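These are the residues of each chain, in order.
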Amino acid sequence: MLRATLKGMASRKARLVLTSLAIVLGTMFVAAAMVLTSTMDKSLSGLVADAYEGVDGVVTPAQGAAQYEEGFGSSAGLIPADALETITSVDGVDAADGAVEGQINAIGAHGKLVGTFAPTIGFNWESNANQEFYALQEGTEPAADDQVVVSTKFLADSGFEVGDQVTVYSYTADRAEFTIVGSFKLPGDRESMAGETMVAFTTPAAQQLITGGEDVYSSVYLYGDFSTDDVDQALGAGTYKVQTGQEASDELAEGLSVISSVMGYIFLGFGLIAVFVSVFLIINTFTIIVAQRQRELAILRAMGAGRGQVVNSVLAEALIVGTVASILGLGLGLLLGWGLSLAVGQFMFSGLAVQFTVPATTLWALVVGIGVTILSAVVPAVRASRVPPVAAMREAVNPPKPLRTITIAGATVTLVGAILIALGLSDNLGGEELVGILTGVGVAFVGITMLTPIISKPLVALLGLLMSWSFTGKLGKLNAGRNPRRTAITASALMIAVALITGIATVVSSLKATTAEAIDLNLDSDLIVAGLQTGANIPTFSTEALEEIKTIDGIDAVGDVYVDFMGAQVEGEDAALSSSQDLQATLKVFGGTVTEGSVTDLPADAVVIDEGTAKDNDLALGDTVEVTFSDGTVEQLRVTALLEGYDLTNGWWVSPEQIEHFAITKPMQAYIDVSDGASVESVKADVEAALADEPEVGVTNNAEFVEQQTSGLDTLVNAVQILLALAIIIAIIGVVNTLVLSVLERTRELGLLRAVGMTRGQAWRMITVESIIICLFGAVLGIGVGIGLGWTVQQALESEGLTNFALPWGLIVTYLLVSVVVGLLAALAPAARAAKLNVLGAIAYE
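Rules of the game
Residues numbered from 1 in each chain as written. Predicted model: local features only at pLDDT ≥ 70, side-chain atom pairs only at ≥ 80, totals over all residues. Heavy atoms only, no water. Helix = DSSP H or I, 4+ residues; strand = E, 2+ residues; numbered from the N terminus. Buried < 20%, exposed > 50% of the residue type's maximum accessible area, 1.4 Å probe, protein only. Contact = heavy atoms within 4.5 Å. Areas by Shrake-Rupley, 256 points an atom, 1.4 Å probe, with all protein chains shown as cover. Lys, Arg positive; Asp, Glu negative; His and termini not counted. Charge placed at Lys NZ, Arg CZ, Asp CG, Glu CD. Axes fitted to C-alpha atoms, helices over the stretch in contact; angles between N-to-C directions. Parallel < 35°, antiparallel > 145°, perpendicular 65-115°, else oblique. Left-handed = near helix turned anticlockwise from the far one by under 90°. Nonpolar A, V, L, I, M, F, W, Y, C, P; charged D, E, K, R; others polar. Pairing = 2+ DSSP bridges. Core = buried A, V, L, I, M, F, W, Y, C linked by side-chain atoms within 4.5 Å. Salt bridge = Lys/Arg side-chain N within 4 Å of Asp/Glu carboxyl O. Phe/Tyr/Trp six-rings, centres within 6.5 Å; stacked < 30°, edge-to-face > 60°. Lys NZ or Arg CZ within 6 Å of the ring centre and 35° of its normal. Arc of directions from axis to C-beta. Patch = residues over 30% accessible without salt bridge, like charges linked within 9 Å, V, L, I, M, F, W, Y side chains within 5 Å. Polar contact = N/O pair within 3.5 Å; in protein donor to acceptor, adjacent residues only side chain to side chain.

## A few points about the overall build of the protein chain
- When helices and strands are counted, the protein chain shows 27 helices and 25 strands.
- Considering only C-alpha atoms, the protein chain reaches an extent of 100 × 70 × 50 Å along its principal axes.
- Relative to its 846 residues, the protein chain shows a buried fraction of 52%.
- Of all intrachain contacts in the protein chain linking residues separated by at least 6 positions in sequence, the fraction that spans at least 24 positions is 83%.
- Carbon and sulfur atoms make up 59% of the accessible area of the protein chain, which amounts to about 35900 Å² in all.
- For the protein chain, the distance from the average site of its 41 positive side-chain charges to the average site of its 89 negative ones is 40 Å.

## Topic: the packing of helix H15 (residues 484-522) against helix H22 (residues 725-745)
- Interaxial distance between H15 and H22 falls to 9 Å at its minimum, and their mutual angle equals 165°. Of the possible angle classes, the one that applies to H15 and H22 is roughly antiparallel. In terms of crossing hand, the pair formed by H15 and H22 is left-handed. Only Ala727, Ile728, Ala731, Gly734, Val735, Thr738, Ser742 and Glu745 of H22 make contact with H15, whose side of the interface consists of Arg486, Thr490, Ala493, Leu494, Ala497 and Ile501.
- When its residues are assigned to classes, the contact of H15 with H22 shows eight nonpolar, four polar and two charged.

## Description of the pairing of strand S1 (residues 57-61)
- Among the five residues in S1, five count as buried, and that is most of the element.
- In this structure, S1 lies alongside strand S13 (residues 240-244), joined through five bridges in antiparallel fashion. The partner of Val59 across the bridge, within S13, is Val242.
- Pairing geometry for S1 and strand S12 (residues 219-224), over three bridges, is antiparallel. The residue bridging Val58 from the neighbouring strand is Tyr221, located in S12.

## Regarding unusual backbone geometry
- Within the chain, Glu571 stands out as a residue other than glycine whose phi angle is a positive 50°.
- Classification of Glu571 as partly exposed rests on a relative accessible area of 48%.
- Even without being glycine, Asp601 reaches a positive phi, approximately 50°.
- By secondary structure assignment, the location of Asp601 is in the loop between strand S19 (593-597) and strand S20 (606-610).

## Details of the nonpolar core
- Val277, Ile501, Ile730, Phe777 and Tyr815 are the most contacted members of the largest nonpolar core, which has 60 residues in total.
- At the level of elements, helix H2 (13-49), helix H8 (245-292), helix H13 (433-465), H15, helix H21 (711-723), H22, helix H24 (760-796) and helix H25 (809-826) are the ones that each hand at least two residues to this core.
- No other element matches H15, which puts eleven residues into this core.
- Not counting chain neighbours up to four residues away, the residues in contact with Ile501 comprise Val720, Gln721, Leu724, Ile728, Leu811 and Tyr815.
- Among the nonpolar cores identified, the runner-up in size contains 37 residues, and Val529, Val639, Trp652 and Ala690 belong to it.

## Describing the sheet that holds S13
- Spatial strand order, S3-S12-S1-S13: four strands in an open sheet with antiparallel pairing. Bordering the open sheet on either side are strand S3 (93-99) and S13, each of which pairs with just one other strand. Each adjacent strand pair in this sheet contributes to an overall mean axis angle of 20°, direction not counted.
- Two elements, S3 and S12, share six bridges in a ladder whose sense is antiparallel. Bridge assignment links Gly98 to a residue of S12, and that residue is Val220.
- Docked against the sheet, helix H7 (residues 228-235) engages S1, S3, S12 and S13, running at close to 165° with respect to S13.

## Comments concerning the pattern of salt bridges
- Using the criterion set out here, one finds nine salt bridges in the structure.
- Residue Glu704 pairs with Lys684 through a salt bridge whose shortest N-O separation is 3.4 Å. Taken as a pair, Glu704 in helix H20 (residues 702-709) and Lys684 in helix H19 (residues 680-690) lie far apart in primary sequence, 20 residues in all.
- Salt bridges sharing partners connect three or more residues here, namely Glu547, Lys550 and Asp560.

## Side note on the packing of H15 against H21
- Packing of H15 against H21 leaves a shortest axis separation of 10 Å and a crossing angle of 175°. Here H21 runs roughly antiparallel to H15, going by the angle between their axes. Contacts from Ile501, Ile504, Ala505, Val508, Leu511 and Lys512 of H15 reach H21 at Leu713, Asp714, Val717, Val720 and Gln721.
- Taken together, the residues of the contact of H15 with H21 sort by class into eight nonpolar, one polar and two charged.

## Things to note about the packing of aromatic side chains
- In total, this model carries ten aromatic pairs according to the counting rule given.
- Ring centres of Tyr671 and Phe705 lie 6.5 Å apart, and the angle between their planes is 75°; this geometry places the pair in the edge-to-face category. Pair noted here: Tyr671 is in strand S24 (residues 669-674) and Phe705 is in helix H20, with a separation of 34 residues, a long-range link.
- Tyr671 sits in the buried class, given a relative accessible area of 3%.
- A network of ring pairs unites the aromatic residues Phe123, Trp125, Phe133, Tyr134 and Phe184 as a single cluster.
- A cation sits over an aromatic face here: Arg175 above Tyr169, 5.0 Å from the ring centre.

## Overview of helix H14 (residues 471-481)
- Among the residues making up H14, those that are buried are Thr472, Gly473, Leu475, Gly476, Asn479 and Ala480. Seen end-on, H14 carries its buried residues on one side only, within an arc spanning 160°.
- Buried residues along H14 sit against H13, H15, helix H23 (747-755) and H24.

## Section: H23
- Listing the buried residues of H23 in full gives Thr747, Leu750, Gly751, Leu753 and Arg754. Each buried residue of H23 sits inside an arc of 160° when the element is viewed along its axis, so together they form one side.
- Gly757 occupies a position one or two residues after H23 and carries a positive phi of about 125°.

## Considering the environment of Pro359
- Along the chain, Pro359 turns up in the loop between helix H10 (307-347) and helix H11 (364-385).
- For the pair Pro359 and Thr27, spaced 332 residues apart in sequence, the C-alpha to C-alpha distance is 15 Å.
- Other than its neighbours up to four places away in sequence, Pro359 contacts Met34, Val35 and Ser38.

## Thoughts on a nonpolar patch on the surface
- Together, Trp338, Leu342, Phe356 and Val358 make up an exposed nonpolar region whose accessible area comes to about 360 Å².
- Position of Trp338 relative to the elements: it lies in helix H10.
- Judged by relative accessible area, Trp338 falls into the partly exposed class, the value being 42%.

## So, a negative patch on the surface
- Together, Asp56, Asp91, Asp94, Asp225, Asp229 and Asp230 give the surface a local cluster of negative charge.
- Mapped onto the secondary structure, Asp94 falls in strand S3.

## Here's the deal with the side chain of Thr792
- Note that Thr792 resides in helix H24.
- A distance of 2.9 Å separates the side chain of Thr792 from the backbone oxygen of Gly788, its partner in a polar contact.
- For Thr792, the contacting residues outside a window of four places in its chain are Ile421, Leu425, Ile437 and Val441.

## A short note on the environment of Ile609
- Here Ile609 shows up in strand S20.
- Owing to a relative accessible area of 0%, Ile609 belongs among the buried residues under this scheme.
- Taking the C-alpha atoms as reference points, Ile609 and Trp652, separated by 43 residues in sequence, lie 5.1 Å from one another.
- Apart from the residues lying within four places of it in its own chain, the contact partners of Ile609 are Ala614, Leu619, Val639, Ala641, Leu642, Leu643, Gly651 and Trp652.

In structure tokens form, the structure reads like this:
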């Protein structure tokens, strides 16, 4: 039987090539994901291994460190300068350098911010005194408070040279001019650790920019032979975090490993989707091959082969195909993982030295590839074993199996999924609504996939009507519908990818529609000053620019918004605090209404909340709450007004006198109401002039604002489409494979059609119509399932504010058109084969 299996495979090599290709692609992506994760993890660990080289100990704040390291000006919990004397008095401590580090903003020679995706980090050069981590490449160290030395990457990204003037500012400090007096690199001749640019100041200048002028440090580097416990006790046990240099390096490496893990999981997830899609292709291939070999198998049965031998024969074929394809996929996956690692290291981490590694877990890609192939061949193998020996004495006719069983099973599974979704949406799952909804979506998805054979009958017939205007079109429609199971399995592969993309796009469209409606219905503004956060930088603009905007002719009101969300709390719970220089004007633009109290001239101890927040926190006018600001300031604030109206007034509004305690003390947005009769375009031009020196923000109308703020979601949809391209390619291969095998299966039938007058062109068009209908069926089904998925998510999030349901019409039309093009391309090889058949040879074919 083994020899017979091998000879049989040798005689139909072409039939297995496309199946093998699907396994190769799926295995390749899984292996690449594992290699990428391991390689980036090791490379990033190596990147920070020398971050504290030569440093014997590190002291960092026990609290407030996270805020500080982001550069938001908070001095809460930081290390005061006099602590250095305490540290150096500890036995064994030879020296201690105080470090001031945080995120800053710098304007390059091109007039734009330097470093947007990765931040610009500012620090004091004196912290490098003993470690000598940074090596000067050109020029000198900063000797005065108006001098800086910058990383070579900063020079490359900014367009500056040593000797030029650079404008630097932070979220709490105004702009200041500095002279670049030198440049430096990191160990290993690196320009950056993770894509960031760097600027080094004198200690007073760094403190002015980063800690609001407070004489404090973000960390202290210790040198000598000492006990960290002794340092901890000297500073007050538990007051600060005291670590060895190695412990600090390990902690930093652990944080960076999360990045590589997330990237790996993303690629692995899409790789597994590709493997799942390939299951449909493998099942279809072996089902068709078994059907075509019915007579051969019957002869083997007649010659004495048992059912078990037939099953083993088919599974052996699957094992050989799966093993060869998986090994090839593993090899290509190693190359892809290496290439992805180089790309990520170059573009995300600025020339990271990639340490290529192949983890033992990569072998799981082989297990997945081989296992999926064998499991997918089990059903066709069992079906092959049931071929009776008497089949050898007649033509191999394979009537489609009844669809009753799979239809009942699919309907049952779909119903269970629908019930779970309904229970989740109606809040009847005891707090596990989200789990119920997600489970229901998955179960319903499986059920709908099982129902595709019965759905294919009417849908294929309906789609076929569009192409039944000719004789070949009618035949193509009949061929597409003659075997519902085969058509359904082939189309399901395409359906999965299209459904996922459509579902995500539907949620994005719904979010855009909800945002647009909220602004159109509630926001009484004509122009909005805001920026888009595309990386580490949070867009803000200066108070001077805000005041200039308020003086522009033709403006009726300006609502400015400050937000404190970095560590702010209300009654011990995390909260976002808002403020405005003129809350009355802001509420006018927002459409908010004061129902109790007053918002005029808010005193320092005032807080204004909306009625919903008051209800949720059981507060009334005159009650007090404890508010903790990002800089550690704690205040008892009194509720002086209640609001109703636009959602942007929801939350906690504090007096403008409290803005100095915010992590970011600059306005983030401004909403402008243009006076009646004034030209919006003219006012917009004047606002743009006022913002000429504010590279982080711009001025837009309401529609442009919605598009700006949601543009990142469009990027997400595009990224998903790119990552799902592999699954779509496998689905296309499935269509090609099915058509090729179908043409082989119908060789005699095609020969008879040619014999009675069908031309080669008509044969070509018939196969092409069949291909287009199958692809259209998969796309239509995927779009329908994706819309259902998107609707379910929208309904689940309706209570969270996602109130509108909207469809991504542009994407839907695009995928329908693409499915037609895919159908045309997928039909090229099978149609060419059908058109070139030798008529006499085809008629004699068995």
